[in-house]
Structure formats: C-alpha cells, structure tokens
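Structure at a glance
Residues per chain, in single letters:
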Amino acid sequence: MTGRARARARGRPPRQVTALPAVGPAPVPQALRSQVPDRRQPQQHDVPLPLLEEPGGHGRLRGFESVLPERRPEGLRVSSGLQDLSLRDRGGHRRDYHDLGVNTRQAMVHVQESKTGLSGKMIKLTTNHFRLTSRPQWALYQYHVCYSPEMESRRLRSALLFQHEEHIGKTHAFDGSILFLPKTLGNKVTELFSRTRNGEDVKITVTLTNELPPTSPTCLQFYNIIFRRLLKMLNLQQIGRNYYNPGDPVSIPNHRLMIWPGFTSSILQYEESIMLCADVSHKVLRGETVLDVMHSLHSQVGQERFRDACAKELIGLIVLTRYNNRTYRIDDINWDNNPMGTFRKSDGSEISFLEYYKKQYNIEIGDPKQPVLISQLKRNRGNMQGSVVLIPELCSLTGLTDKMRTDFNMMKDLAIHTRLPPEKRQWEVGRLLNYIQRDDNVQKELENWGLSFDYNSVAFTGRVVQGEKIFQSGNMFDYNPQSADWTKETRGVPLIRAVPMDNWLLIYTRRNYDVANTLLQSLFKVTPSMGIRMSKPNMIEVDDRTEAYLRVLQQRVTTDTNIVFCILSSSRKDKYDAIKKYLCTDCPIPSQCVLARTLSKPQTIMTVATKIALQINCKMGGELWSVEIPLKQVMIVGIDCYHDNISGRQSVAGFVSSLNQTMTRWFSRCVVQSRGQELVDGIKGCLQTALKSWSKWNKSLPSRIFVYRDGVGDGQLNTLVNYEVPQFLDCLKSMGTDYRPGLTVIVVKKRVSARFFAEAGGGLKNPPPGTVVDTVVTRPEWYDFFVVSHTVKNGCVTPTHYNVIYDTSQLKPDHLQRLTYKLCHMYYNWSGVIRVPAPCQYAHKLAFLVGQSIHREPNLMLSDRLYYL
Amino acid sequence: MDKDFREEEFTEVIKFTPPLYKQRYQFVKDLVEKYKPKKVADVGCADCRLLWMLKFCSCIEVLAGLDICASVMKEKMHTLSPLPVDYLQPSERSLTVTLHHGSIAHKDPCMLGFDLVTCIELIEHLEESELKKFPEVVFGFMAPSIVVISTPNSEFNPLLPGVVLYRHPDHKFEWNQAQFQSWALDAAKCYDYSVEFTGVGHPPRGMENVGFCTQIGVFVRKYPQTGESVQSEKPPEAVYKTVFKAVYPSLKDEKYLQNAVVSEVIFTAQNIKHHLMSKHEEEEDGDDPERKSRFWPSVDYFSDYLRKLVVDQTMEPFVNGNEVYIPLVTIFSFPKVNRLCGTFEKLCKLIAGKVTLSSDGSAVVFNTEHE
C-alpha cells in the first residue's frame, strides 16, 4: 500500500510564530555535500575537520560559540570523522556526547607508549562493559545517494530508493543522503531508476564513498544508533537519552512519584576493543501536571508571590507532553498568553491552542486561562533557533526539583529503589543483555548487520593504591580503608593550625536562647582539645526578621570580629542569603549559620559542636590535617561551575588554588557572569591572581601547575581543549618570558556510567577506596584513568573519571594518579576521602554559595580562607 | 481554495489545502466522531498514520491494522505504543492496538466484531483476484456496521499534472465515478448494506462534473448485528501474523486503578496531615510572625474545605501522640478519590494491605516520629 502518503507520525507541538522553520530540504550540512566527492578513499576516518558547532552538553560551559572556530593551536589538533554522519537518531539532534574524535593523547609524548601506573595491590574487577564483536573482515559500506532531478523531501528520497530493496537489501540505514549497508553493492557507482507518483522518472546514483573499518568514529556512532533501534524493538520507552521499561514501574505514593527502571547505554572504542557500556538508570516521573503544581503553589504562597514561586519551582524542569514522546525543558513562563492564544501553523493558517489540541489529539484543555510554558529548542534543524509553546495542563513533570532533593525523607524513600547494591545492579544489567540475547527480532537485526555481543561482562585487574597517612600536629594516623574515614582517629587531637576565637558574635532569637547556651557550653567542651582558644562571645538576641539580623550585623560587626555565628530558627533562604551576602561582600567577615533544629537534640549536640568547631576554624583560616605531598613547588587548582536556571541564567565558576606545600591553605575566587559571556576569560584572571598569591606565600612562582577541571558537560571536551587550555597557557606566558612551568589539565567527571565490581567470595562488592583503573575500559585516544576514592553505605560506588587533556609536567602516570588520590583526602568539611580532589569540592561549594545566595563575587579580603565551607 | 480558477490556467498545479491525504483521514475521524465506534480496523494501514490519529479518539477501545507489507508497518509502529504519560495518568478507557500482517483476500478471525472498517486508498492496489475476494471478506465475513472505502477518481486525473496513466505506479486500476459506484452498489446489495457516495478534494469551479479527486463510499449494514450466529460456518483458522500489540494502561485494569487510588489516598491523607501539623506547630510557635504569614493562605484555603467536609461527618482527623489519624470517610469525600472508587466499599477493598490503617480499619494512620 505504498500509495498512501506517509507522513511524520510523531506529533509535534505548535511552534511559536517567531521562529517558524520552513519546510526545507533534509538537514544535511552544506559542508558535507561539497566534501563527499573528495572522500572516496576507503579507510579514511581520521580526517581533521574543524568543528563548526559548539558541542552542546547540558547547559554547562555556555557561550563559547563566537570564539571557537578561530582558536585552534597547533599540537592540539582534533580529529573527527563525525561531521560526515548526519544519520540522526531522533529529533534532529546530532550531538557528540561521548567526545569522540577528541584525541588528546597524541600530543603527550610521555604517555604515548603507556599511560598505566604500577603501584598498588592487584585486584580482580568486573565491569558493566560488554564486548561488541563483528564477523571477520567486517566493514560498513557508506554510500552517497543523489537524485536527478533533485528531490527535496527526505521521505520521498527514501521511498524512491527503497523501491529497489531487492538490490539494496533489507538491512540498511539511510538519512536521505547517506546510506549505510552491511554489504557492498558490487560497483563503486550504481545507477537506479525510479518513478514518482507523479510519473516523473528519477535517476538515483548510489556512490560508494567509504568503506569503514569497525573502529572508525562513524561506525561507532552508527553502532549506537543501531543499538537504540534494538532497545526500541524491546519495547523500551525513550525518555531523553535513555530507555525505560514502563511495564514495571515502582510507585511512591507518599511523594506522588513513580520510578521507571531503565538503562543507559553507549558503544565506544575502548582501549583494546569496542564495547557496550550498559548501566541501570532510573527515571523519576511525577504523577502531576505542571498545572497541578501551579495550583498547589498558588494555595501555598498566595497570589502575591505566585508568579515568582512558579518561576522558581518550574523553570529548568524537564516535562513530558501528553501527546507525543518528547521531553522539553521549561525555559520560561508566559503569563500574557493562554490556550486561547493563537499561533501560525506550517500551512500559514492561524489556530488557537485549544482548537489545535482538540483537532489534532482530541484533547480538551480544561483551563483556558492558564499561562503557557516556553521551551527553547536546542539547535533545531541545523542552525534554526526557535521556541515551543507548551500548555501546563498537558505537561507532566519528570525528575526531582532542588526542593525535593533537599527533602531527606523523600530521598530516603527513593534510595531504596534506586541505589542498587553491586550484585543487584549487575544482575539488572545482565537482564538487559538477556533480553537482547533472547529476542528473535533483535538477534536478526544484529545478525543482518553482522554484529554480536559477548554476553559476559568484561573482567580485568585494577590496582588498589596504598592508603594515605593522615598528619595532624605531629601525630600520624592510619584510617580504616573500608570506611575511608578518620573522624574517630583524629578526635581530641590538636589541629595543625587553630585560629583563636577572641572576638566573636553569637546571634539568636529569643526562642533559641536555650539552644544558644547549650551550643556555647558544648563548644567550650570540645574546643580545648583541638587547641582552639575561645573567649565568650557577644551574645545578641534579635527579632526573627531579616532586617533585624542585618541591623545587628551593621551595628556590631567590626574589623576585629573573628566570626559571626547565627542560629536561625527556620531554613528560610532569604534570611540566610541576606546574612551571607552582607558578610561576604560589604563587610567581609567569616560567618556560620546553623539551624536551631540541628542543635536541639541533646544526644547529638557534642558531635554537632565538634563539626561546627572544625568548620568555623577552617572559615577563619585554620588548618586541620594534611597528607604527605612529595612534590615541591606545586600549585593545585580546582575549578567547578554552577549554573543558575532561574534568575537571568547566571553562571558561576569557582576557582580554588593551593597556597602552600602541604595543601592546607587555599586561595579562592569566583567568576560570575550572565549568559553569553565567556567564563574562561574570568578564569584566566583568577589564575593570574592565584599565581601572584602563591608567589607571595612561597617567594617564587610554582614550577608545576595541576588544574582539576570539574563541571564539564558531555560533549564539551573539545571546547576545553581548544579554548580553555590555550588561555591557561597564555596566562602563564604573561607572568614572565622565562617562566615556563609544567601545566597539567585534568578533566574530572563524576557522572560516568562505568561501574566496577570487586569479586569477593563468589559475590560482587564495591571496590575499596584507592582502586585505580587505567586499562581496558579507558579510551585509547586519551590519557585517562578512573579512581574509586570514596565509599558508599548503600548502592554502588561511582568511580570518578580523570582525563588528562594537557600535560607538560613530565610526571609519570603513577605519580599523577597518586597525587589525585591524595588530594581526595584534603576536604576539610569531611574527615574522610571524597569523590573528587578537594579543590574541586571547594570550588563547587564556593560556586554554589555565590550562585545561590550572593550573586556577585565575594570580597577578595576573604580569598585566603575557606569562608564558604 | 480555488477562488479564481479559470479554465485556461489548468496547467497550474492543483494544490489541496490541507493536503488530500489529510482530508481523507479527517473524513474518517469525523465519521468516528459521528458514529462513536468502539472497535475500528484499518485495512491497508501502511505507515499507521491513520491508526495513530484514531488512537486519540476517546470512543475507540480496539484498534487494528492490517497490511500486506510488514516492513512498512514496522517502520512507524512504535508511534502506536503508549506514551510515558499514558502510564503516569492511565485513562478511563481501555485501548488495545494490534497490527496484523496479511492479505485482505484471506479471512482471519481476528478481524471479526469490528464496528468500523476503513479501506483508505486500498482497493486500487489489489490484483484482480484479490479484488474479487474483497467484498466477501469485508462485507460478508468481517461484516462491520460501517465500511469506508476510498479510491482515486480517474475523471480527475487530467487535472493533475504529470499523471500519465495512474497516480501511482503500484495502482492496478483507477476507476471513474460510474465504475466505482456500480462496484460499490453491487457489493452493498449482495451483502445487505446501504451505500452513500461522497469524496474529498473538490474539483475546480466550473468543472464540478468531474467529481471529487478522491471518491469515497460509506457503507452501512442494514441488518442488526446478531452476534455469533451470523457465522453459520466455523470461523477460519488464523492466517495473519501479529506484528505488534500494545495494551494501553487503563483504570479499567484493576492494577492501574489500585495504583491510582492508593497514590491519591496517600496524597490526600498527607495533605490533611500537613495541614493538621502546621496548625499544631503554629499553636506552639505563636511568636513567629513570618511563619504565620507564610502559612495562613494555605491553611485558610484548606481548612475551609475541610470544614465543609467534616460538618456532616462524625469523625474528624486528629493527632494522637505520635500518630495522625485521617478517617477514610474524610478521604473518600475528596472528589478525586470519590470519582476513582465510586463506592466506599471499593475504596476499602482497593487500599487493603497497601496503606497503613488504624486497627479498626476506619482511618489512615501516619507515624510522625521519624520526621
């Protein structure tokens, strides 16, 4: 029944009038068409091409578009064969989430041969990777298809081509211009003749352009597309990037949440083979529509604050629409429009939303007066930008809001379902592989392409490096490697540097008078053993109003004040923000805010007081403990970003650098900028002042600089390599002509889908802290490694991925790995090992405080203290 | 359309807005709206576009598609799967969508019992032998109350540019109005149907005699459905292959209904609890002005509602030590819960074992100790 017109079956919401993409040719980049005839040599897959588009990501590192193409230093050439692949998976997105084709290792001579470390005890590990195998002499044949006369519609192009299915074969992938086949057509150029329904004769020329070996980047992306097809065949539902099983949901009625179990998957070239990395993923869905949430917000906050509350709660959330299988991010709420408003359809006619949804989907919109939601389309159809109007009533919420994340009970209830212990997690992944293995259709598809999986997960050996010794005022401690925590060991031991509290304020409301006294007594009990000299504070009672707090601060804080301590009676953000803002900018004095509730439990007050005493000490410039750092003349830098979704889309980059040899003192700055500005220009400035501070402390400039860069989104590696690293180098050059320190830039990634399991007594356990993996599951084109530095109580530990994108330090991989692990011990808000190097966590803390509460750069007087802890 | 269409300008392209295929589908949709069939089959469903449109029609509970070409169905069949939101908010109606691979020249019991069968642009693709069997299979065997058949009107072809013989190379024939109508009337007469002719794609002004671009026959069965007895002979063996089946989540399914009720009950009960607790707290923290102003609007709104409810109830929600009791009767009086369950007994039955109740089973109990 080919006579039936085929149309896009997926529903689309109406576009906003402002940016209406005309129906045009298939979105094949111009560059591609002109290139194709030149690229006929088979096996050619590492052609360096300029990346013309910013490799997106989820909203991190915004605003590099304008500068990217020009700045590409020699020696950091990026090769990619991806530009020729416009096979779109869905919705026209063609993003390189896996940073394929960013080959940074080739520029680093010292890791050319080997990037593996040696130290530590061997440990047997398994992982969630599965080898992809292809039949011998496998190749993917890439053809370019052109039509004479030229046919515009992609649908028509496919229909015409597949009139010759007997010639082309049933197994194919075609995007309107590029055709992939698992077999060759025999001739380099094949001419086919078809006839359109209008009786027009069309000559189709199919030209072999490439014979791709299994490891070419194009092939890799192709595998991923095929794998997604398989998941679809298994009746899994795609939400965002992953696939979920709707048949077996877990509902948590207490919070009106539903969890769908599902999988993330990616097929990549790893060290020795191409592998599928599959991990369990959980999608949190909410049984409420955006309109429901608006109603309940209205009843909670009242008319006056309603719009603000909606913006705060809703903007940035991802919604699912009722009529199609797409997700949208809420970017704005338009209060001046409503479902009675109209838009222009692609045929030019005007229609109201009410009518449109009625006509198109038989959906009656109940509330014609609700506002509408705006979602910006990301890179729609090549370069078209536009936005989509959504009706709150037809949008279901997904994911968790920040408010929900801070709800301890909710997170606890969720964790029961989402934090799977190693054994269970691997079993779930095994189930996916089982589905694939057992489904006949899936097997057939794989077979047609000549592909198959090794259904046993990959096993290899990792190393567990030695635990660190903790030094504190002449004492040395070992910690229990199982818990990676030394709270007990260091209790009652003097701190490295205890800052006296001679002049400090304790501010509380009348209701919290008793709490304030209890706290004070407890602090007097715990501080002597730490070596902190503490005098009686100025006790100040205030009204529980923001203005009252601010007035007291203005009147009582002097330049001699060591620290301001506020006991707050509720977790109201505005009060906290006002206090922090005042004390970080106008009047730079360290401050500590604590909720009265935290101090109200007699059984925990001593523990709480101990933690607070340590925290206060750090805020005032104190030092707690250290680990042995054998490298001399070294400056460590940590960078992390915070992106504000609500107020004007600010981004904040926290920048923290070490000041001394023992890495116990840090210099902290941040960059605040609105949308469209360059984050990295500010970072360059930070590096400059950091170097100056370092030289002030050490009377020289560091000979080695290690930058741990966190907050890099998927697919943004290129930007970092091509733009940020050269900026660092520029900055170093500006410090003096004969100043040539070693620079190492390491991208830190916490969100990875790789999981490692230690085999123990027939079962699977989390690998112990200190586990380093630098073989098998790392990428050949990178100098990268995984470190498991922390422990978790429930669920699976996530390894942290470190990708060294630039390195002139000449440090051996082993030493860099050890240094990285050591730095994970130095975060003073946690007497244990953490997931990332301490400077990254400090940078995160700083950026978060500034992004959430202060919104501008804090006073530089504070920059030599960890005032943001 | 066709405002100033003059005869000498026929060389210009005739363009239908909306496109003709959309007009055909809209025609079927309008028919569905009018007759409200529960079970609809689309014979020759191709890329499932029509089925996809029909799945949004709330009267339809069973949708089936049949096509001779499995790959063309498979290409877009996932669009017929339930969407995530269908699981999140299961609808009242049940819906099952099935796709069959097979030929209309064959009888298969899975095509029995339909209210409406659509054959849009199908018959002109049939070989002569298949066309011969078509009336017997559709009108005689499937025997739905309504059949819609559309096909090109060859009299219109001279107005379409580029059409030499047929509109599509796969067409085996294209009929003029008289040919189609005579075929249709014969079939209708033979199988006791009435038929009315219409079409979509109006001819240009002054050329009305050529008829619609697509001609459509709507057949209505004259005899009432007598159920199984119509089939005097034994139903044939299944010959079609099922390539796709999707059962939409529906509140008619106990599993989904229970989920919905439990979640609504707990949500409602929690709302009442929060309200109670905040009232409780306020009594204790009387000196906090900001707190008060923050809570008042919601309390007003909610307590008004509660007051209305509890007037005629004997029981009120109350706090007892660490436990909060919320009577089921109160919960049942909330419209959403009420609508879902229908009866109080049903409510009790559905939440049994899923929600913590008081010892006599009359109230939902929350323990507040852990918070």
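Residues numbered from 1 in each chain as written. Chains lettered and ligands numbered in written order. Predicted model: local features only at pLDDT ≥ 70, side-chain atom pairs only at ≥ 80, totals over all residues. Heavy atoms only, no water.

Quick reminder of the rule: UniProt positions are given in the numbering used here, feature names are shortened, and annotations may be inferred rather than shown by experiment.
An unreviewed UniProt entry annotates chain B as Small RNA 2'-O-methyltransferase of Furnarius figulus. Recorded in UniProt for chain B, the comment headed Cofactor (unreviewed entry) runs: "Mg(2+)". Checking UniProt for chain B, the heading Catalytic activity (unreviewed entry) contains the comment "small RNA 3'-end nucleotide + S-adenosyl-L-methionine = small RNA 3'-end 2'-O-methylnucleotide + S-adenosyl-L-homocysteine + H(+)".

The name recorded for chain A in an unreviewed UniProt entry is Piwi-like protein 1, from Furnarius figulus. Comment text from UniProt for chain A, heading Sequence similarities (unreviewed entry), reads "Belongs to the argonaute family. Piwi subfamily." Turning to chain A, the UniProt annotation filed under Cofactor (unreviewed entry) states: "Mg(2+)".

1. Describing the sheet that holds strand 26 (residues 538-542) of chain A
All names here are of chain A. Put simply, the test is: Here, any two strands with at least 2 DSSP bridges between them count as paired. Only DSSP runs of H or I reaching four residues or more are called helices, and only runs of E reaching two or more are called strands; each is numbered from the N terminus. Every angle, taken between N-to-C directions, lies between 0 and 180 degrees, and every axis is a line fitted to C-alpha atoms, over only the stretch in contact when it is a helix. The contact rule is simple, with two residues in contact once any of their heavy atoms fall within 4.5 Å.
One open sheet holds the four strands; their spatial order is 26-25-27-28, and the pairing between them is parallel. If you trace the sheet from one side to the other, it starts and ends with strand 26 and strand 28 (591-595), each paired once. Across the sheet, the mean angle from the axis of one strand to that of its neighbour is 20°, orientation sign disregarded. Together, strand 25 (504-509), strand 26 and strand 27 (563-568) form the strand contacts of helix 14 (residues 546-556), whose direction differs from that of strand 26 by roughly 150°. The strands that helix 17 (residues 605-619) touches are strand 27 and strand 28; relative to strand 28, the one it contacts most, it runs at about 155°.

2. A look at the environment of valine 290 of chain A
Residue and element names in this part refer to chain A. Just so we agree on the cut-off: Using a 1.4 Å probe on the protein chains alone, a residue whose accessible area is under 20% of its type maximum counts as buried, one over 50% counts as exposed, and one in between counts as partly exposed.
Relative to the assigned elements, valine 290 resides in helix 5 (residues 290-301). Classification of valine 290 as buried rests on a relative accessible area of 0%. Leaving out residues up to four positions away in the same chain, valine 290 has contacts with Leu314, Val319, Ile330, Leu373, Pro392, Cys395 and Leu397.

3. Topic: the confidence of the model for chain A
Quick reminder of the rule: Per residue, pLDDT measures the predictor's confidence, with a range of 0 to 100.
The pLDDT averaged across chain A works out to 83; a share of 87% of its residues lies at or above 70. Note that residues 1-94 of chain A has pLDDT below 50 and, in this model, 246 contacts with residues that lie over four places away or in other chains.

4. A closer look at the side chain of histidine 164 of chain A
All names here are of chain A. Put simply, the rule is: Side-chain atoms alone can form a polar contact between residues adjacent in sequence; in general such a contact is a pair of N or O atoms within 3.5 Å, and within protein one must be able to donate a hydrogen while the other accepts it.
Take histidine 164: it is sitting in the loop between helix 2 (154-161) and helix 3 (165-168). A relative accessible area of 12% means that histidine 164 is categorised as buried. There is a polar contact of 3.0 Å between the side chain of histidine 164 and the backbone oxygen of phenylalanine 193. A polar contact of 2.8 Å, which involves the side chain of histidine 164, links it to the side chain of serine 194. With residues near it in sequence (within four places) discarded, histidine 164 still touches Leu192, Phe193, Ser194 and Ile204.

5. Here's the deal with the domain arrangement of chain B
To keep things clear, this is the line we draw: Delimitation of the domains relies on an automatic or database domain assignment.
The domain boundaries assigned to chain B delineate domain 1 (20-225 + 233-248) and domain 2 (254-283 + 297-367). Relative to domain 2 of chain B, the C-alpha centre of domain 1 of chain B lies at a distance of 50 Å.

6. Structural notes on the pattern of salt bridges
Residues and elements named next belong to chain A. Rules: A side-chain nitrogen of Lys or Arg and a carboxyl oxygen of Asp or Glu constitute a salt bridge if their distance falls within 4 Å.
Using the criterion set out here, one finds 41 salt bridges over all chains in the structure. Notably, a salt bridge pairs arginine 665 with glutamate 623, separated by 3.9 Å at the nearest N-O pair. Of this pair, arginine 665 sits in the loop between strand 30 (651-658) and strand 31 (666-673) while glutamate 623 sits in the loop between helix 17 and strand 29 (634-643), and the two are 42 residues apart along the sequence. For arginine 665, a relative accessible area of 8% puts it in the buried group. For the salt bridge of lysine 750 with aspartate 710, the shortest nitrogen-to-oxygen distance reads 2.7 Å. Here lysine 750 is found in the loop between strand 33 (742-749) and strand 34 (756-760), whereas its partner aspartate 710 is found in the loop between strand 32 (704-709) and helix 19 (717-733), with 40 residues between them in sequence. Under the relative-accessibility criterion, lysine 750 is labelled partly exposed at 26%. Within the structure, one salt-bridge network assembled from shared partners comprises Arg105, Lys115, Glu271 and Asp784.

7. Here's the deal with the sheet that holds strand 7 (residues 214-221) of chain B
All names here are of chain B. Taking strand neighbours across the sheet as the criterion, the eight strands line up as 6-7-5-4-1-2-3-8 in an open arrangement whose pairing is mixed. The open sheet is flanked by strand 6 (193-200) and strand 8 (241-247), the only strands paired with a single partner. Neighbour-to-neighbour, the strand axes of the sheet open up by a mean angle of 15°, direction not taken into account. Contacting strand 4 (116-120), strand 5 (146-152), strand 6 and strand 7, helix 1 (residues 20-35) runs over the sheet at an angle of about 170° to strand 4. Strand contacts of helix 5 (residues 128-142): strand 1 (39-43), strand 4, strand 5, strand 6 and strand 7, with the helix running at about 160° to strand 5, the strand carrying the most contacts.

8. Describing the confidence of the model for chain B
All names here are of chain B. Counting all residues, the mean pLDDT for chain B is 82, and 83% of those residues have values of 70 or more. Per-residue pLDDT stays below 50 along residues 1-11; that stretch engages in 15 contacts with residues further than four places along the chain or on separate chains. Residue range residues 285-302 is modelled with pLDDT below 50. Its contacts to residues more than four positions away, or to other chains, number 29 contacts. Reported for the predicted complex are a pTM of 0.78 and an ipTM of 0.75.

9. What to know about the nonpolar core
Worth spelling out the cut-off: Each nonpolar core is a collection of buried residues, namely Ala, Val, Leu, Ile, Met, Phe, Trp, Tyr and Cys, held together in the definition by side-chain atoms within 4.5 Å.
Tyr708, Leu816 and Tyr842 of chain A are the most contacted members of the largest nonpolar core, which totals 88 residues. Broken down by element, the residue count for this core peaks at nine residues, all from helix 21 (residues 838-854) of chain A. The residue makeup of this core includes at least three contributed by each of domain 3 (498-620) and domain 4 (632-751 + 808-862) of chain A. If sequence neighbours within four positions are ignored, leucine 816 of chain A has contacts with Phe706, Tyr708, Thr744, Ile746, Tyr783, Phe785, Val804 and Leu811 of chain A. Judged by nonpolar contacts, the second largest core, of 81 residues, contains Val290, Ile315 and Leu397 of chain A together with Leu99 of chain B.

10. Thoughts on the packing of aromatic side chains
Under the convention used in this document: The criterion for an aromatic pair is that two Phe, Tyr or Trp rings (for Trp, the six-membered ring) have centres within 6.5 Å, with stacked assigned to planes under 30 degrees apart, edge-to-face to planes over 60 apart and tilted to the rest. Put simply, a charge is over a ring when the Lys NZ or the Arg CZ is close to the ring centre, within 6 Å, and near the line of the ring normal, within 35 degrees.
Counted according to the given criterion, the structure contains 44 aromatic pairs over all chains. Taking the centre distance of 5.2 Å and the plane angle of 85° together, the rings of tyrosine 356 of chain A and tyrosine 357 of chain A count as edge-to-face. The class for tyrosine 357 of chain A is buried, based on a relative accessible area of 0%. On the basis of an interplanar angle of 40° and a centroid distance of 6.0 Å, the ring pair of phenylalanine 16 of chain B and phenylalanine 156 of chain B is categorised as tilted. Pair noted here: phenylalanine 16 of chain B is in the segment before helix 1 and phenylalanine 156 of chain B is in the loop between strand 5 and helix 6 (177-191), with a separation of 140 residues, a long-range link. By the burial criterion, phenylalanine 16 of chain B is buried, and phenylalanine 156 of chain B matches it. Among the aromatic residues, ring-to-ring pairing joins Tyr323, Phe343, Phe353, Tyr356, Tyr357 and Tyr361 of chain A together with Trp52 and Phe56 of chain B into one connected group. Lying across the ring of phenylalanine 267 of chain B, arginine 256 of chain A places its NZ or CZ 3.6 Å from the centre. In this arrangement the basic side chain of arginine 779 of chain A is found over the ring face of tryptophan 782 of chain A, its NZ or CZ atom lying 4.1 Å from the centre.

11. Regarding the environment of valine 372 of chain A
Residue and element names in this part refer to chain A. Looking at the element boundaries, valine 372 is found in strand 18 (residues 372-380). Judged by relative accessible area, which is 0%, valine 372 ranks as buried. Once the C-alpha coordinates of valine 372 and isoleucine 496 are considered, the two residues, 124 residues apart in sequence, prove to be 57 Å apart. Among all residues touching valine 372, those that are not within four sequence positions of it are Asp332, Ile333, Asn334, Asn337, Asn338, Pro339, Val389, Leu390, Ile391 and Pro392.

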